[in-house]
Amino acid sequence: MSSLAAARADNFYFPPEWEPKHGSINKFQGQHPLRERARKLDQGILIIRFELPFNVWCGGCEAHIERGVRYNAEKKKIGNYYTTPIYSFQMKCHLCPNKFIIETDPKNCDYVVRSGARKKNEEWEPEDTETIRLQNTEQKERMVADPMYRLEHSQQDKLKAKERKGSLTRLMDLKTDYSDDYSHNSRLRARHRVKRRAVKRQEAADGRLAAKASLHIPLVAEAPEDVSKAKAITYGKKKLTADKHLAKQRRTFKRSSIFDGKHAKTQAGQAAAASSSTLVNTGPSLAKGNGASQQLRRSTRRQPARASSLIKPRSSGSSHGAAAAPTPAPKSGLVAYSDGSSDDDQ
């Protein structure tokens, strides 16, 4: 053994003065094998560890004591039910000095609170709890004394067995499906592993957010309604600094014209008039025969002369004299010549 105290507690220690002629170590030391539990054995009382079979209320402090609480109880035989002994268990409440006694009831296969406490009545039908209904005393006596009743009872048991055969088969199949403990354990561990990784990632993200916002409180999980509310919030425009405002104005000036609106329109009109007059002045030099005249007419259709253009006389130095200078354009958009002809006449 590991220590002398442990050896003495388990009765494995024999002192040096002990000899085999003295008998057992308990007889040699003059003590009972049950030690302190047998200190009242001469009175017919044995100290045992008793567990409450149901919920009770203590009669002294009115405290509720749940089923399964264990006490050191004095066990004593107080009588017999036929040949079955009846025992009583006396124990002390752990909250007050009150003592209560619980006795066995062999007739009803139950326990009875004799004094010092009150039992909490919690009874259900066997069908509701899916347990087997036990036979009462009358049924047991009749099963022994009446052969016909016993035969009928056995037939009923066979019918119940046939009805429950399907459920029993399903239970056996279910047990067979779960017989492979390794595969079920592997799937369960894999599922838990995925959950742990997700929790670690969420904790890391929460830690970064808390560090960024200087938060010292635990963050709860994100809810969809919180996300929708956060997206619905609108904030005012940010105020530009002096440098950003100056850069914005500089970009605006670069994209705009150096003239104002009135001067820009005047310059555009002058440029269009200059291009039109250039085309008209080059007309006589290009007019050679019918081909030159047709080319000139096509050019003037694309760029009609403006009202501000002057009428040029026919060139006297031309030996052919086929083309004439155009007159101001009429409202219809056709070019007129000094001899009274137009594009349609040509």
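Analysis parameters
- Residues numbered from 1 in each chain as written.
- Predicted model: local features only at pLDDT ≥ 70, side-chain atom pairs only at ≥ 80, totals over all residues.
- Heavy atoms only, no water.
- Helix = DSSP H or I, 4+ residues; strand = E, 2+ residues; numbered from the N terminus.
- Buried < 20%, exposed > 50% of the residue type's maximum accessible area, 1.4 Å probe, protein only.
- Contact = heavy atoms within 4.5 Å.
- Areas by Shrake-Rupley, 256 points an atom, 1.4 Å probe, with all protein chains shown as cover.
- Polar contact = N/O pair within 3.5 Å; in protein donor to acceptor, adjacent residues only side chain to side chain.
- Core = buried A, V, L, I, M, F, W, Y, C linked by side-chain atoms within 4.5 Å.
- Phe/Tyr/Trp six-rings, centres within 6.5 Å; stacked < 30°, edge-to-face > 60°.
- Lys NZ or Arg CZ within 6 Å of the ring centre and 35° of its normal.
- Pairing = 2+ DSSP bridges.
- Axes fitted to C-alpha atoms, helices over the stretch in contact; angles between N-to-C directions.
- Parallel < 35°, antiparallel > 145°, perpendicular 65-115°, else oblique.
- Salt bridge = Lys/Arg side-chain N within 4 Å of Asp/Glu carboxyl O.

Student: I would appreciate a short explanation of the overall build of the protein chain in the present structure.
Tutor: Per the secondary structure count, the protein chain includes 12 helices and 10 strands. Looking at the protein chain residue by residue over its 346 residues, the buried ones come to 17%. Partitioning the contacts of the protein chain with sequence separation of at least 6, the portion at a separation of at least 24 is 32%. Counting only carbon and sulfur atoms, one obtains 54% of the accessible surface of the protein chain, whose full area is about 28200 Å².

Student: Is there a simple way to explain the side chain of Glu103 in this structure?
Tutor: Inspection of the secondary structure puts Glu103 in strand 6 (residues 99–105). A polar contact is formed between the side chain of Glu103 and the side chain of Arg114, at a distance of 2.9 Å. Not counting residues within four places of it along the chain, the set of residues in contact with Glu103 comprises Ile78, Tyr87, Ser88, Asp110, Tyr111, Val112 and Arg114.

Student: Help me understand unusual backbone geometry, please; the structure alone is not making it clear to me.
Tutor: Generally, phi is negative for residues other than glycine and the peptide bonds are trans, each holding for most cases. In this model, Glu62 sits at a positive phi of 60°, which is unusual for a non-glycine residue. For Ser214, which is not glycine, the phi dihedral falls at a positive 55°.

Student: Even after reading the chapter, I still don't get the nonpolar core, so can you show me in this structure?
Tutor: Generally speaking, a soluble globular protein has its nonpolar side chains buried in company with each other. Counting residues in each nonpolar core, the largest one holds 17 residues, and the members touching the most others are Phe50, Leu52, Val56, Ile65, Met91 and Phe100. Not counting the four nearest positions on each side in its chain, Leu52 is found in contact with Ile65, Glu66, Arg67, Gly68, Val69, Tyr71, Met91, Phe100 and Ile102.

Student: Got a minute to help me understand the packing of aromatic side chains in this structure?
Tutor: Each aromatic ring pair is specified by the distance between its two centres and by the angle formed by the two planes. Counted according to the given criterion, the structure contains 4 aromatic pairs. Look at Phe50 and Tyr111: their rings are 6.2 Å apart centre to centre, the planes differ by 75°, and that puts the pair in the edge-to-face class. You can see Phe50 sitting in strand 1 (residues 46–51) and its partner Tyr111 sitting in strand 7 (residues 110–115), a full 61 residues away along the chain. Judged by relative accessible area, which is 6%, Phe50 ranks as buried. Classification of Tyr111 as partly exposed rests on a relative accessible area of 31%. On the numbers, 4.7 Å between centres and 80° between planes, the contact of Tyr81 with Tyr82 is edge-to-face. Exposure remark for Tyr82: the relative accessible area of 69% places this residue in the exposed category. Following the ring pairs from residue to residue traces out a cluster consisting of Phe50, Phe89 and Tyr111. In this arrangement the basic side chain of Lys75 is found over the ring face of Tyr87, its NZ or CZ atom lying 4.6 Å from the centre. In this arrangement the basic side chain of Lys119 is found over the ring face of Phe54, its NZ or CZ atom lying 4.7 Å from the centre.

Student: What is the right way to look at the sheet that holds strand 8 (residues 117–119) in this model?
Tutor: Paired through their backbone hydrogen bonds, the strands of a sheet run either parallel or antiparallel. Strand order in the open sheet made by the 3 strands is 3-2-8, with antiparallel pairing throughout. At either margin of the open sheet sits one strand with a lone partner, and together these are strand 3 (64–65) and strand 8.

Student: Please explain the pairing of strand 5 (residues 84–92) as it appears in this structure.
Tutor: Where a strand is regular, its side chains alternate between the two sheet faces. Both strand 4 (residues 70–81) and strand 5 contribute to a ladder of 7 bridges, which runs antiparallel. By the bridge assignment, Lys76 is partnered in strand 5 with Ser88. In textbook terms, the turn of a hairpin is the stretch between consecutive antiparallel strands, and for strand 4 and strand 5 this stretch comprises 2 residues, one of which, Tyr82, has a positive phi near 55°. In terms of strand pairing, strand 5 meets strand 6 through 5 bridges, oriented antiparallel.

Student: Looking at this structure, how should I read the packing of helix 4 (residues 137–145) against helix 5 (residues 147–163)?
Tutor: How two helices sit against one another is set out by the angle between their axes and by the gap between those axes. Contact pair helix 4 / helix 5: the axes reach a minimum separation of 6 Å and the direction vectors enclose 110°. Considering their axes alone, helix 4 and helix 5 lie roughly perpendicular with respect to each other. Touching Gln139, Arg142, Met143, Val144 and Ala145 of helix 4 are Pro147, Tyr149, Arg150 and His153, all from helix 5.

Student: Hey, could you run me through the pattern of salt bridges in this one?
Tutor: Proximity of charged atoms lets side chains of opposite charge pair with each other. Tallied over the entire structure, the rule returns 7 salt bridges. Of the charged contacts, one joins Glu51 and Arg70 as a salt bridge, the two residues approaching to 3.3 Å between their closest N and O atoms. Separated by 19 residues along the polypeptide, Glu51 in strand 1 and Arg70 in strand 4 bring together distant segments of the chain. The class of Glu51 is partly exposed, set by a relative accessible area of 41%. Arg70 sits in the exposed class, given a relative accessible area of 51%. The closest approach of N and O atoms between Asp146 and Arg142, which form a salt bridge, is 4.0 Å.

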